[in-house]
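Listed here are the chains, written in short residue letters.
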Amino acid sequence: MNDLNIMIVGVGGQGTLLASRILGNVAVMQGYDVKVSEVHGMSQRGGSVVTYVKMGDKVYSPIIEKNEADILLAFEKLEALRWIDYLKKGGTLVMNDQEINPMPVITGKAKYPEDITERLKNGGIDLQSIDALKIAEECGNIKAMNVVLIGLLAKSTGIEKKVWLKSIEGVIPAKLLEVNLKAFEAGYNSSLK
Amino acid sequence: MKKLMLGNESIARGAYEASVRVASAYPGTPSTEITENIAKFDEIYCEWSPNEKVALEVAIGASVAGARSICSMKHVGLNVAADPLFTVSYTGVNGGLVIMVADDPGMHSSQNEQDSRFYARASKVPMLEPSNSQECKDYVIEAFEISEKYDCPVIVRLSTRVAHSQSIVGIGERADLELKPYVKNPGKYVMMPAMAKLRHIEVEKRMAMLKDFAEETKLNRIEWGNKDIGVITSGISYQYAREAFGDVSYLKLGMVYPLPDKLISEFAGNVKTLYVIEELEPFFENQIRKLGIKVIGKELLPVIGEYSASLIKEKILGSTPEKPYDIDSKSPMRPPVMCPGCPHRGMFHVLKKLKLNVTGDIGCYTLGALSPTESIDTCVCMGASIGMAHGMEKARGREFGRKTVAILGDSTFIHSGITGLIDIVYNKGCSTVIILDNSITGMTGHQQNPTTGFTIKGEPTRQVNLELLARAVGIDRVRIADPFNMKEFEKVVAEEVQADEPSVIISQRPCALLKNVRYEGTQRINENCRKCRSCMKIGCPAIVDKGDRIEINSALCVGCKLCSTVCSFNAIEKAGEHNE
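Fair warning: this is a prediction, and the values are worked out from it, not measured in the lab.

Trainee: Quick one: what's the story with the overall build of chain A, residue by residue and with numbers?
Mentor: Along the backbone of chain A there are eight helices and six strands. When the elements of chain A are put in sequence order from the N terminus, they spell out β-α-β-β-β-α-β-α-α-β-α-α-α-α. Over its C-alpha atoms chain A spans a radius of gyration of 16 Å, differing by no more than 12% from the 16 Å that the globule rule assigns to 193 residues. In terms of principal-axis extent, the alpha carbons of chain A reach across some 45 × 40 × 35 Å. Split into buried and exposed, the 193 residues of chain A put 64% on the buried side. In chain A, 64% of the contacts between residues at least 6 apart in sequence involve partners at least 24 apart.

Shown next as structure tokens:
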């Protein structure tokens, strides 16, 4: 296969780790070599977090570098902007249309950029953005926001839908499965903004 | 069967398959998940120890008693465990003993960037270093073989990107090993001078044998490719090098101490240009140079921070990645913050208001050094807050002491704060120590500790009573206060720093992320708001300045109501049930 590099960026606490587990499982089911690199510890506490998922015939470094990601999955808009140089030319940005102010903005030392979507569009990015929080809420649990985004991302990968569903079943605890499958479908079938 | 596993999870699997019976650890990123995963195996006795020194002593005891045992810690934890390490090197083992140490190049979650390979050399203990999850498991199993064959502990070193990367692992069965007989052997296990002198001779013999082993073991392997470039490397640096250089020749060292001199010379003799790729210190490079071999390493590559394939390409091959888009991606920083609902937030608000000098410690509350709380003056190592507050008072006098407090978490206090507190009592200090009792070990992701009342396996156990403990060492003034009752908390702190005797304040409120912590509903800001920004000063990430108004982000708010206690205009109210 061609290598597939997916980078997940967001804010600590948003559920990026679970999303990477689902992606990693998909790669294993497809029979690819895979590496998933996570961040734990201090930077998880509301900081900018990055997870790398790399699959292919043989994966060495677990890290995705600038101009290497086929898909950049951003759980938050400012994080999409921060990491945009990691998206390779012609790659796809899947973005949650959510804003979380970082502390320098909260304390008034910096401003949250207002024109992120425009900047990305004007820069020629293949941008797919949805309000995953709202969709997750409609599905019955805002915490399923990450799975809504996985649903949207799944469409960009060309990997069969049933593989994704099976991966989710393998990762999500039984009592939360129904709402998460619903969230996946909602993301998969969402009309883009 | 093949499974996607975190390096740390694979270490746990390796311990299981190697028939380990006893596992001990103190949590520390990036090593914590090793022991959390070992705890899932019923066949293995597993514990969180109060600190790494005790953890290693437990593992040594288990080894001497005939069991295979494993002890895990982060790099700075090995400093704490260094005392037993240097002497267990002399006694050797009975059942195999493996020490896991996880370094943190780039300091994702650490206070320094030390290179633990030097411990292997200093303590004369062999060290292995895996480069992916499969090797994590294989090397742990091999480490137990080496430990028993050469009668020594073996250190297995991880770095963050190996510990916290998932890759595919083949699962095996648990070996069915018996306990080895316990035989009293003072000459081997009682390290007083007469015996230790003899054991040191054995240590040197063993290291000579291990040097021969290093030449033959499959842990060290040559991958021949284009011979214009040869690369000597290990661990995660091997993965970066493979990606950066492609089809060149590699000597991948799985055993990083002692080194195979002959193998290195043979490899060097067959390649035109030789590079050493190793994160942090020139540990290989200096040893290779001593063999008289010309090698390129730290003259091009940094001793600071993590490596990557692109860093190697840039520094050695002179190529930089193209910027794919012409987009201004400059973004405000997003440093880590205390979570919404964090009990520490109330305490820091008070400390800042009282303009105190604060010696800090290792835990979530270290984040109190950052804006807007900006309350912590120092952070050195586990437990240091107490000794440092005492030292400050002795240096600058009692008046300075009245403006100084030490703060540290419950788990950190048990780890190595209690000895500092005894020092204050013994040496007639008057410092005030605030113990942040949030009912769990927070930063590393919620581990039980001696103050929580539960073991690593979730079994109820005796709970250390912090108040009685403080009284027992001679602290007469022990106060308990709720950091969210800021008025009362302020009063307590103000009184205690003035008191001319040592005091302990136990700041009691559980971590907001604990499952049993349920606040009532999210807050919202109503029309009474005068935009005085008092609520912004507590530094809660859920409170947002929208320019024309202040808002509470309902997706982040947990409803702790701390903000409403700082509001003078009744402008913050309950917004409806928390969205779960």
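Alright, that's what it looks like, and here's the rest.
Trainee: Give a detailed account of the overall build of chain B, specifying residues and quantitative values.
Mentor: Each helix and strand in chain B was counted, giving 21 helices and 22 strands. Over its C-alpha trace chain B gives a radius of gyration of 27 Å, about what one expects of a compact globule, namely 25 Å for 580 residues. Considered along the principal axes of its C-alpha atoms, chain B spans approximately 80 × 70 × 50 Å. Relative to its 580 residues, chain B shows a buried fraction of 59%. The long-range fraction of contacts in chain B, counting pairs at least 24 apart against all pairs at least 6 apart in sequence, stands at 75%. Here chain B has roughly 23200 Å² of accessible surface; of this, 52% comes from carbon and sulfur atoms. Between the averaged position of the 69 positive side-chain charges in chain B and that of its 71 negative side-chain charges there is a distance of 2 Å.

Trainee: Explain the pairing of strand E8 (residues 165-170) of chain B to me, using residue names and the numbers behind them.
Mentor: Of all six residues in E8 of chain B, five are buried; the element is thus mostly enclosed. In terms of strand pairing, strand E2 (residues 33-37) of chain A meets E8 of chain B through three bridges, oriented antiparallel. By the bridge assignment for E8 of chain B, Val36 of chain A is matched with Gln166 of chain B. By the bridge criterion, five bridges tie strand E1 (residues 2-6) of chain B to E8 of chain B in an arrangement that is antiparallel. Across the sheet, Met5 of chain B pairs through a bridge with Ser167 of chain B, a residue of E8 of chain B.

Trainee: Got a sec to walk through the side chain of Asn8 of chain B? Specific residues and values, please.
Mentor: All names here are of chain B. Structurally, Asn8 can be placed in helix H1 (residues 7-17). Judged by its relative accessible area of 0%, Asn8 is buried. Among all residues touching Asn8, those that are not within four sequence positions of it are Pro30, Ser31, Thr32, Glu33, Ile34, Leu158, Ala163 and His164.

Trainee: Hey, could you go over the sheet that holds strand E4 (residues 69-74) of chain B for me, with residue numbers and the actual values?
Mentor: All names here are of chain B. With mixed pairing, the seven strands of this open sheet are ordered in space as E3-E2-E4-E5-E7-E6-E12. If you trace the sheet from one side to the other, it starts and ends with strand E3 (45-48) and strand E12 (255-257), each paired once. Examined bridge by bridge, strand E6 (residues 127-128) and strand E7 (residues 154-159) share two bridges and lie parallel to one another. Bridge pairing in E7 links Leu128 to Val156. This element, helix H7 (residues 133-150), spans E4, strand E5 (97-103), E6 and E7 of the sheet and lies at about 140° to E5.

Trainee: Lay out helix H13 (residues 283-290) of chain B with the relevant residues and their values.
Mentor: Of all the residues in H13 of chain B, the buried ones are Phe283, Phe284, Glu285, Gln287 and Ile288 of chain B. Taken together, the buried residues of H13 of chain B touch helix H6 (117-123), strand E10 (226-233), strand E11 (248-253), E12, helix H12 (261-269) and strand E13 (273-277) of chain B.

Trainee: For the pattern of salt bridges, give the residues involved together with the corresponding values.
Mentor: All names here are of chain A. Applying the stated criterion across every chain yields a total of 57 salt bridges over all chains. The partner of Glu99 in a salt bridge is Lys77, with the nearest N and O atoms 3.3 Å apart. Pair noted here: Glu99 is in the loop between strand E5 (87-96) and helix H3 (103-106) and Lys77 is in helix H2 (residues 77-82), with a separation of 22 residues, a long-range link. The exposure class of Glu99 is partly exposed, given its relative accessible area of 33%.

Trainee: Which residues make up the packing of helix H5 (residues 132-139) of chain A against helix H6 (residues 145-157) of chain A, and what values do they have?
Mentor: Residues and elements named next belong to chain A. For the pair H5 and H6, the least separation of the axes is 8 Å and the interaxial angle reads 110°. By the criterion of interaxial angle, the relationship of H5 to H6 is roughly perpendicular. Of the two elements, H5 crosses H6, and the hand of that crossing is right-handed. Taken together, the residues of H6 that come into contact with H5 (itself represented by Ala132, Leu133, Ile135 and Ala136) are Met145, Val148 and Leu149. A per-class count over the contact of H5 with H6 returns seven nonpolar, no polar and no charged.

Trainee: How would you summarise the interface of chain B and chain A if you had to cite specific residues and measurements?
Mentor: Across the boundary between the two partners, chain B contributes 64 residues, which contact 66 residues of chain A. Of the roughly 5300 Å² buried at the junction of chain B and chain A (both faces included), carbon and sulfur atoms supply 56%. Counting every contact that joins chain B to chain A gives six salt bridges. Across the pair Glu76 of chain A and Arg334 of chain B runs a salt bridge, and its minimum N-O distance is 3.0 Å. Counting the contacts that link chain B with chain A gives 24 residue pairs in polar contact (both at pLDDT 80 or more). Of all the secondary structure elements, the ones that give two or more residues to the side of chain B that touches chain A are E1, E8, helix H11 (235-245), helix H14 (309-317) and strand E20 (543-545) of chain B. With six residues, the top contributor of residues to the side of chain B that touches chain A is H11 of chain B. Grouping the constituent residues of the side of chain B that touches chain A by class yields 30 nonpolar, 21 polar and 13 charged.

Conventions adopted
Residues numbered from 1 in each chain as written. Chains lettered and ligands numbered in written order. Predicted model: local features only at pLDDT ≥ 70, side-chain atom pairs only at ≥ 80, totals over all residues. Heavy atoms only, no water. Helix = DSSP H or I, 4+ residues; strand = E, 2+ residues; numbered from the N terminus. Rg over C-alpha atoms; globule rule 2.2 N^0.38 Å. Buried < 20%, exposed > 50% of the residue type's maximum accessible area, 1.4 Å probe, protein only. Contact = heavy atoms within 4.5 Å. Areas by Shrake-Rupley, 256 points an atom, 1.4 Å probe, with all protein chains shown as cover. Lys, Arg positive; Asp, Glu negative; His and termini not counted. Charge placed at Lys NZ, Arg CZ, Asp CG, Glu CD. Pairing = 2+ DSSP bridges. Axes fitted to C-alpha atoms, helices over the stretch in contact; angles between N-to-C directions. Salt bridge = Lys/Arg side-chain N within 4 Å of Asp/Glu carboxyl O. Parallel < 35°, antiparallel > 145°, perpendicular 65-115°, else oblique. Left-handed = near helix turned anticlockwise from the far one by under 90°. Nonpolar A, V, L, I, M, F, W, Y, C, P; charged D, E, K, R; others polar. Buried area = accessible area lost by both parts, 1.4 Å probe. Polar contact = N/O pair within 3.5 Å; in protein donor to acceptor, adjacent residues only side chain to side chain.

Purely geometric numbers; function is a separate question.
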